[in-house]
Amino acid sequence: MTRSNNAPETPALMVRELGAGYPWAPRTIDQLNFTLCCGECVALVGPNGAGKTTLLKSIAGLIPIDTGEVLVHGIDCRHREVQVGFIPQRNAVDQNFPVTAHDVVMMGLARGNSWLPWWPGMVRQRALELLELFQLGEIAHQAFGELSAGQQQRILIARALAQESDILLLDEPFSGVDVAAAAEITSALETLREQGITMLMATHDMVRAARDFDRLLLLRETVVADGPPEEVLRPDLLHQAYGDSASVLPLKDGVLHVANPREHAGLHDD
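Summarised in this report is the structure supplied together with it. Computed from a predicted model, the values in this text were never measured in an experiment.

Each value, and the rule that gives it
- Residues numbered from 1 in each chain as written.
- Predicted model: local features only at pLDDT ≥ 70, side-chain atom pairs only at ≥ 80, totals over all residues.
- Heavy atoms only, no water.
- Helix = DSSP H or I, 4+ residues; strand = E, 2+ residues; numbered from the N terminus.
- Contact = heavy atoms within 4.5 Å.
- Areas by Shrake-Rupley, 256 points an atom, 1.4 Å probe, with all protein chains shown as cover.
- Disulfide = S-S within 2.5 Å.
- Buried < 20%, exposed > 50% of the residue type's maximum accessible area, 1.4 Å probe, protein only.
- Axes fitted to C-alpha atoms, helices over the stretch in contact; angles between N-to-C directions.
- Parallel < 35°, antiparallel > 145°, perpendicular 65-115°, else oblique.
- Left-handed = near helix turned anticlockwise from the far one by under 90°.
- Nonpolar A, V, L, I, M, F, W, Y, C, P; charged D, E, K, R; others polar.
- Salt bridge = Lys/Arg side-chain N within 4 Å of Asp/Glu carboxyl O.
- Pairing = 2+ DSSP bridges.
- Phe/Tyr/Trp six-rings, centres within 6.5 Å; stacked < 30°, edge-to-face > 60°.
- Lys NZ or Arg CZ within 6 Å of the ring centre and 35° of its normal.

What follows concerns the overall build of the protein. Helix and strand counts for the protein stand at 9 helices and 12 strands. Contacts in the protein between residues at least 24 apart in sequence constitute 64% of all its contacts with a sequence separation of at least 6. Only carbon and sulfur atoms are counted for the fraction: they give 49% of the accessible area of the protein, which is about 13500 Å².

The subject of this paragraph is the state of the cysteines. Under the defined criterion, the tally for this structure stands at 0 disulfides. Free of any disulfide, Cys 37 has its nearest cysteine sulfur in Cys 38, 7.3 Å distant. The class for Cys 37 is partly exposed, based on a relative accessible area of 44%.

What follows covers the packing of helix H4 (residues 149-161) against helix H5 (residues 179-194). In the contact formed by H4 and H5, the axes pass within 8 Å of each other and the chain directions differ by 20 degrees. Taken together, the axis directions place H4 and H5 in an arrangement best described as roughly parallel. In the packing of H4 onto H5, the handedness of the crossing is right-handed. Contacts from Ala 149, Gly 150, Gln 151, Gln 153, Arg 154, Ile 157 and Leu 161 of H4 reach H5 at Ala 181, Glu 184, Ile 185, Ala 188, Leu 189 and Leu 192. Classifying every residue of the contact of H4 with H5 by side-chain character gives 8 nonpolar, 3 polar and 2 charged.

The backbone of Glu 17 shows a phi angle near 45 degrees, a positive value even though the residue is not glycine. Tracing the backbone through its elements, the reader meets Glu 17 in strand E1 (residues 13-20). The phi torsion at Gln 135 lies on the positive side, around 55 degrees, for a residue other than glycine. Tracing the sequence through the fold places Gln 135 in the loop between helix H3 (121-133) and H4.

Turning our eyes to something else, we now look at the pattern of salt bridges. Here the idea is simple: oppositely charged side chains can pair when their charged atoms come close. On inspection of all chains with the given rule, the structure shows 13 salt bridges. When the shortest N-O distance is used, the salt bridge between Arg 126 and Glu 129 registers 3.6 Å. Here the residue Arg 126 and the residue Glu 129 both occupy positions in helix H3, the gap between them amounting to 3 residues, near one helical turn. Across the pair Asp 226 and Arg 215 runs a salt bridge whose closest N-O atoms are separated by 2.8 Å. On the criterion of sequence distance, the pair formed by Asp 226 in strand E10 (residues 222-227) and Arg 215 in strand E9 (residues 215-220) is long-range, its members being 11 residues apart. Judged by relative accessible area, which is 36%, Asp 226 ranks as partly exposed. Taking relative accessible area as the criterion, Arg 215 reaches 12% and is therefore assigned buried.

So, about the sheet that holds E1. Pairing within the open sheet is antiparallel, and its 4 strands lie in the order E2-E1-E4-E5. The open sheet is flanked by strand E2 (29-36) and strand E5 (75-76), the only strands paired with a single partner. As paired strands, E1 and strand E4 (residues 65-72) are joined by 6 bridges and run antiparallel to one another. Residue Leu 13 lies in a different strand from E4, and its bridge partner there is Val 72.

In this section: the side chain of Thr 203. For Thr 203, the location among the structural elements is in the loop between strand E8 (198-202) and helix H6 (206-212). Residue Thr 203 is classed as buried on the basis of its relative accessible area of 4%. Discounting residues that sit within four places of it in the chain, Thr 203 has contacts with Ala 43, Leu 44, Val 45, Lys 52, Glu 172 and Ala 209.

With that settled, consider the environment of Asp 66. Relative to the helices and strands, Asp 66 is located in strand E4. The exposure class assigned to Asp 66 is partly exposed, which follows from its relative accessible area of 43%. Excluding residues within four positions of it along the chain, Asp 66 makes contact with Gly 19, Ala 20, Gly 21 and Arg 27.

The next subject is the packing of aromatic side chains. Enumeration according to the criterion identifies 0 aromatic pairs in this entry. Stacked on the ring of Phe 213, the Lys or Arg Arg 193 has its end atom at 5.2 Å from the ring centre. The lysine or arginine in question, Arg 208, covers the ring of Phe 174, its NZ or CZ lying 3.8 Å from the ring centre.

Reading across the sheet, the 6 strands line up as E6-E7-E8-E3-E9-E10 and stay open at both edges, with mixed pairing between neighbours. A single partner strand is all that each edge strand has here, and the edge strands are strand E6 (85-87) and E10. Geometrically, the sheet is characterised by an average inter-axis angle of 20 degrees between neighbouring strands, direction not taken into account. In terms of strand pairing, E6 meets strand E7 (residues 167-171) through 3 bridges, oriented parallel. What sits directly across from Ile 87, in E7, is Leu 170. Packed on one face of the sheet, H4 meets E6 and E7 and runs near 165 degrees to E6. The strands that H5 touches are strand E3 (41-45), E7 and E8; relative to E8, the one it contacts most, it runs at about 150 degrees.

Rendered as structure tokens:
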């Protein structure tokens, strides 16, 4: 079907009055509203317990939605055919599970099918192509648990892409990595941008969020602010989200200036 040039584009992701949380626990997020356009890359920031991971998992269908709805390209995210790539924190992955880098990506290609070591060659080839996309072809058959943090994170991104989704949800991909690994992950995210992938990334790092993203969502149970870094990272809004730990000066020349480095460290606690 050919769409009229005058027809508005369906958002990649639309969240309406969302309320969600873990079973037998108080609701973590409530009355949460925002929209992501196709190809948009947005950083999700907020303090410990703000609901960043809860939001990502509810969109991915990993925890139930209590109220409201999440639409993925106009379709309820709870529909079984909706595919959204979720990339968990690296420390949430069992490092001792005996799989190779290639195996991990193949798990993304499995989708609803059983794990079959005799999968067709075309499926195996697709996994190799995704590894090559992130310069990981040479370590395809190495054990996942023996790889560097940057390599592991890129493999998890490749696995999410294998699910054939153009929307990726990333939960703290820079957590616990060194400078070299962070550079590798940044390069991987640039590759995703070039492919027009829509991304929502939770991060502790305010400076990175302000530098690398054109739009931020500041969260504390609901959306406190939504917009460009210079509009979101304001002292009044940060105090609303972080309380007394957010002793921050406004952005100046595109750089986040912090009044006290020790207090800035507090902004990195999730």
